[in-house]
Amino acid sequence: MAETEKFVANTRGKADIWRFFLLRETEAGKVDHSTGYCKEYKASVKLGGGTSNLNAHIRRHIIETDDNR
Ligand SMILES: [Zn+2]
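Residues numbered from 1 in each chain as written. Predicted model: local features only at pLDDT ≥ 70, side-chain atom pairs only at ≥ 80, totals over all residues.

Participant: Which parts of the structure should I look at to understand the pairing of strand 3 (residues 31–38)?
Facilitator: With four bridges joining them, strand 2 (residues 21–25) and strand 3 adopt antiparallel strand pairing. Across the sheet, Glu 25 pairs through a bridge with Val 31, a residue of strand 3. Once strand 2 ends, the chain turns through five residues before running back antiparallel as strand 3, passing Gly 29 with a positive phi of about 85°. As judged from the three bridges shared by strand 3 and strand 4 (residues 44–46), these two strands associate in the antiparallel manner. Paired with Tyr 37 across the two strands is Ser 44, which belongs to strand 4. Linking two consecutive strands that pair antiparallel, namely strand 3 and strand 4, is a turn of five residues; a positive phi of about 55° is found at Lys 42 within it. (Pairing = 2+ DSSP bridges. Helix = DSSP H or I, 4+ residues; strand = E, 2+ residues; numbered from the N terminus.)

So far we have only geometry, and geometry alone does not tell us how the molecule works.
Right under this line is the structure:
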């Protein structure tokens, strides 16, 4: 694992869900579009060609927040 991981916003992502996620920039300066990282925990979420995995991940956060009330 590289010590200086660089995360960038997904400028291609048009879905609203992308405001909760970042993409990782590789050492070659390219953006890895295969995996999203949530801003809160930097948890990696595989992208299966769409944003359904991102939505599922964010729902887990919402459920956790509700449990804390
Ligand atoms: Zn998360």
